[in-house]
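Here is what each chain is made of, one letter per residue.
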Amino acid sequence: SSCFFHSSSSSLRILRSRADQPLRRALSIPHHRIEAMASGQHAPISESAAWADLKQHVKTIEGTHLRNLMQDNNRCEELIKEYDGIVVDLSRQRVIHDTVDKLLNLAEEAKLKEKIDQMFDGVHINETENRSVLHAALRAPRDEVINCDGQNVVPAVWDVLDKIDAFSDQIRSGSWLGSTGKPLTDVVAIGIGGSFLGPLFVHTAMQTEPGCAQAAKGRRLRFLANVDPIDVARALLDLNQETTLVVIVSKTFTTAETMLNARTVRTWITSALGVEAVSKHMVAVSTNLKLVKEFGIDPANAFGFWDWVGGRYSVCSAVGVLPLALQYGFSHVKKFLQGAWSIDDHFRSAPLESNLPVLLGLMSVWNVSFLGCPARAILPYCQALAKLAPHIQQVSMESNGKGVSLDGVPLPFGTGEIDFGEPGTNGQHSFYQLIHQGRVIPCDFIGIIKSQQSVYLKGEQVSNHDELMCNFFAQADALAYGKTREELVAEKVPEALIPHKMFSGNRQSLSILLPNLTPYTVGQLLALYEHRVAVQGWIWGINSFDQWGVELGKSLAGKVRTQMNAARTKTQPLSGFNYSTTTLLTRYLQGKTQLLYPDPHDVFPSNVLPGFEK
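Under an unreviewed UniProt entry, the name given to the chain is Glucose-6-phosphate isomerase, and the source organism is Marchantia polymorpha. Taken verbatim from the UniProt record of the chain, the Catalytic activity (unreviewed entry) comment is "alpha-D-glucose 6-phosphate = beta-D-fructose 6-phosphate".

Set out below in structure tokens:
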């Protein structure tokens, strides 16, 4: 029970004694929790009264069906929320009024409002790295005050934004020229993880918006993330070194994949333009000015960000703003930042019961932790949002894919969601079969009222976008209502086919409706998901802002790298691996060319650098 969150040390000594065993059993307190409490650790939220109340409440919900719940207009009205043009419809969630109240009680138990305030106050809530979490400050208005360690960070944020504004204008206007005197019309942004997925999502969403498309006329933006040389070939295909600007995104300038790709593209540039061209054709988003200079980039052309910006939350920093401003102009990107701040401000100030990110986060906790649904489908009915799901995959799964609490105690419940998705209606012809008649997977349907591109053919019943949105509305109801045996019999479906054509329904979803898809609403959507993820993590009692799980594989790759080099250059045998890895590595090396050149030289695909050995 929550009454044990702050038990006195004397009580704990009694509970830890041998004589306490009957008392422990009566109170249902596991021995490991007594030890954790004695060491000053907090009990997991699953031991609170609010959690137990929701567990008990599941039985009530199991006796309901969305087919019936959706007939209660008052319930539906209560579950449809709106803020700054965004409509969020939660009526197809498996909840009633009491469910929401109990979830809000859980939020109170987890001190959710206090944690939101702590984030905006610059408290070091990323405890394992001893850092603040202030990605909201990246889009704050100039006159906003957001402190970190006693200092307002907003002026420093705007110093970088102003620098990006001026630099991007120089590039776009042609006042900054390449080493041969030509304007730089093409940009290759090199980065991985949050330095790639977020900017790519925003770029994909903006490139077909009419105002952005006009602003980007005559320009190209490419992203290079994967260390796979195929990605290099694709990123550089048909580009000319004389008109290409490269943005290297690496906070420390040591990220292995990013720096290998950066050295590769630098070779591509210098092979045609000479070493002196680097300072004119390459810039950096980094805080390591020493390594930036050693690379050949003028430190004056490095754009900084801060350790209180996590990679997956960095699209609103120079990481995303610089390449996007180079493509679309800073004025469009500024509207994107304003849209994100709209949700930031709402998240910070709105009561929990009407707070969109809070309600979305609580619904996810309800589905994962109480209804046993570990996956979520993100289904935007807008092709421009094709890269939303991959970005949210990282934001969500890297943030909340944890197994221990903030105190480092193994959790007695699972956290995080398995996120995937595809734009509608493509997804309908891919995985909706499973969603309708297989596993229960809560869905996020995202629709747009006014399309970026309008097509209407004379004689057609509806416009192309209307046709798309007909499916948006229909799919949510199909999941909720299903189709019964009685309905199929009335349709004279053959008896043998009835079991195959029945739909159980009662499959929860939520709908998000945006007025349009502009830089502003793209920013809103981004912040909505970012804060939703944070809410889930705070409820579960985990650190949503570190990512230690990505470290082990990277460190083991270093061992493989060392031995692969020795095997390919000195024909040394492999050692120190298990049988399986040794077998696969040996097979891999048997199919590779020995790198035994008398004079080592660069090897490039012929379509990237004609004349280079393949």
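On we go.
A. Representation of the overall build of the chain within the structure. Looking only at helices and strands, one finds 26 helices and 13 strands in the chain. Taking 614 residues into account, the globule formula puts the C-alpha radius of gyration at 25 Å, and the chain, at 27 Å, falls close to it. Residue burial in the chain is summarised as follows: out of 614 residues, 50% are buried. When contacts within the chain are restricted to residue pairs at least 6 apart in sequence, those whose partners lie at least 24 apart make up 73%.

B. Highlighting helix 26 (residues 579-590). When the terminal C-alpha atoms of helix 26 are compared, their 16 Å separation across 12 residues agrees well with the 16 Å that a helix rising 1.5 Å per residue should span. The N-capping residue of helix 26, defined by a side-chain oxygen 3.1 Å from the backbone nitrogen of Ser-580, is Asn-578.

C. Structural context of the domain arrangement of the chain. What the domain assignment lists for the chain is domain 1 (59-121 + 350-546), domain 2 (136-335) and domain 3 (550-595). Computed over C-alpha atoms only, the centres of domain 2 and domain 3 are separated by 34 Å.

D. Fine view of the packing of aromatic side chains. Tallying each qualifying case throughout the model produces 18 aromatic pairs. Ring plane angle 5° and centroid distance 6.4 Å describe the contact between Phe-347 and Trp-538, whose orientation is recorded as stacked. Within this pair, whereas Phe-347 is found in helix 17 (residues 330-349), its partner Trp-538 is found in helix 24 (residues 519-540), the two being separated by 191 residues in sequence. Phe-347 gets classed as buried once you look at its relative accessible area, which sits at 1%.

E. Seen up close, the sheet that holds strand 5 (residues 186-190). Sheet architecture is open: 5 strands sit in the order 6-5-7-8-9, paired in parallel fashion. Looking at which strands have only one partner, the edges of the open sheet turn out to be strand 6 (220-224) and strand 9 (302-303). One ladder, built from 2 bridges, connects strand 8 (residues 282-285) with strand 9; its direction is parallel. When the sheet's bridge partners are listed, Val-285 is paired in strand 9 with Phe-303. Each of strand 5, strand 6, strand 7 (244-249) and strand 8 touches helix 13 (residues 256-273); the most contacted strand, strand 7, lies at about 160° to it.

F. Region of the structure containing the pairing of strand 5. Counted residue by residue, strand 5 has 5 buried out of 5 residues, so it is predominantly covered. Burial along strand 5 is two-sided: the face carrying Asp-186, Val-188 and Ile-190 and the face carrying Val-187 and Ala-189 are both buried. Examined bridge by bridge, strand 5 and strand 6 share 5 bridges and lie parallel to one another. Among the inter-strand pairings, Asp-186 is bridged to a residue of strand 6, identified as Arg-220. Direction of pairing for strand 5 relative to strand 7: parallel, over a ladder of 5 bridges. For Val-187, the partnering residue across the bridge sits in strand 7 and is Leu-245.

G. Fine view of the sheet that holds strand 1 (residues 80-83). Here we have 6 strands laid out as an open sheet, ordered 1-2-13-12-10-11, and mixed in their pairing. Both outer strands of the open sheet, strand 1 and strand 11 (418-421), are each paired with one neighbouring strand and no more. Taking each pair of neighbouring strands and ignoring which way they run, the sheet shows an average axis angle of 20°. Bridge count for strand 1 against strand 2 (residues 86-89) is 4 bridges, and the pairing is antiparallel. Paired with Ile-80 across the strands is Asp-89, a residue of strand 2. Packed onto the sheet, helix 19 (residues 388-400) meets strand 10 (375-380), strand 11 and strand 12 (443-450) and runs at close to 175° relative to strand 11.

Each value, and the rule that gives it
Residues numbered from 1 in each chain as written. Predicted model: local features only at pLDDT ≥ 70, side-chain atom pairs only at ≥ 80, totals over all residues. Heavy atoms only, no water. UniProt positions renumbered as here; feature names shortened; annotations may be inferred. Helix = DSSP H or I, 4+ residues; strand = E, 2+ residues; numbered from the N terminus. Rg over C-alpha atoms; globule rule 2.2 N^0.38 Å. Buried < 20%, exposed > 50% of the residue type's maximum accessible area, 1.4 Å probe, protein only. Contact = heavy atoms within 4.5 Å. Expected span 1.5 Å × (residues − 1). Polar contact = N/O pair within 3.5 Å; in protein donor to acceptor, adjacent residues only side chain to side chain. Domains from an automatic or database assignment. Phe/Tyr/Trp six-rings, centres within 6.5 Å; stacked < 30°, edge-to-face > 60°. Pairing = 2+ DSSP bridges. Axes fitted to C-alpha atoms, helices over the stretch in contact; angles between N-to-C directions.

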